[in-house]
Amino acid sequence: MRVFVAIDLDHEIREKSARFLEGVRGFAPDVRWVSPESLHITLKFIGEQKPEQVAAITERLQSVVGNKIEIRVSGYGFFPTAKAPRVFWLGIQAGPELADLAASIDSGVAELKIPREDRPFSPHLTLARGGSGSGSPRRRKEDRPNSVFATLQKRLAALSELDFGTMTAREFFLYQSQLSPGGAKYTKLQAFPLR
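Residues numbered from 1 in each chain as written. Predicted model: local features only at pLDDT ≥ 70, side-chain atom pairs only at ≥ 80, totals over all residues. Heavy atoms only, no water.

Let us look at the sheet that holds strand E2 (residues 32-33). Taken in spatial order, the 5 strands of this open sheet run E2-E6-E5-E4-E7, and their pairing is antiparallel. Where the open sheet ends on each side, the last strands, each with one partner, are E2 and strand E7 (163-169). Sheet topology places strand E4 (residues 69-80) next to E7; 6 bridges connect them, and they run antiparallel. Bridged to Ser74 within E7 is Asp163. (Pairing = 2+ DSSP bridges. Helix = DSSP H or I, 4+ residues; strand = E, 2+ residues; numbered from the N terminus.)

Here it is, written out as structure tokens:
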């Protein structure tokens, strides 16, 4: 099973994001757009695990303690850089509680021999992936300037600040990711409440 830990979006932010996606999709027709129902804020990507390991991960996540988190979705950017973009994303602004929650999850599952994150937590909503290969925000030596997002970048530059609103995260989830030619399908396996 391919699994990850994330926060789901509330209905209002998902709807605003869906309307935005509808409006900009045509400006980058050669990229892979994420479906609005798949949008989430990743806290920890875990990867392929055996079912018994997923059970242990679930048990470990039940001991993670965190408070409700105010999250604003606004702004946009490209990973790894705007000149060599592979990923188009919306920004996430939150207090230190969000990074603290991600760190607690990372520490908790590390006890199960799951590798720790080796880069700073950078919350975002992935909207589209362009070019070949990974959607990772890390720079790779094969990254080159590309034009798959060029028209979109020009259109976005003409807009005022993008703001999709604020939500309160009251829980986080363990998800299963099932890859297919039509895109990934995410299924919530377990919810974990925040205080």
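That covers the picture; the talk isn't over yet.
By secondary structure assignment, the location of Asp106 is in helix H3 (residues 96-110). Only 2.7 Å separates the side chain of Asp106 from the side chain of Lys44, close enough to count as a polar contact. For Asp106, the side chain forms a polar contact with the main-chain nitrogen of Glu117, separated by 3.2 Å. With residues near it in sequence (within four places) discarded, Asp106 still touches Lys44, Pro115, Arg116 and Glu117. (Polar contact = N/O pair within 3.5 Å; in protein donor to acceptor, adjacent residues only side chain to side chain. Contact = heavy atoms within 4.5 Å.)

Turning our eyes to something else, we now look at helix H1 (residues 11-24). Helix length check: H1, at 14 residues, gives a terminal C-alpha distance of 20 Å against a target of 20 Å (1.5 Å per residue), a fit within 8%. For H1, the complete set of buried residues consists of Ile13, Arg14, Ser17, Ala18, Phe20, Leu21 and Val24. Viewed end-on, H1 has its buried residues packed into an arc of 165°, placing them on one side of the element. Facing away from the buried side of H1 by more than 90 degrees, the exposed set consists of His11, Arg19 and Glu22. (Expected span 1.5 Å × (residues − 1). Buried < 20%, exposed > 50% of the residue type's maximum accessible area, 1.4 Å probe, protein only. Arc of directions from axis to C-beta.)

The omega angle of the peptide bond from Phe79 to Pro80 is -10°, so this bond is cis rather than trans. Among the secondary structure elements, Pro80 is positioned in strand E4. Residues other than glycine seldom take positive phi values, yet Lys113 does so here, at roughly 70°. With respect to the helices, strands and loops of the structure, Lys113 is situated in the loop between H3 and strand E6 (124-129).

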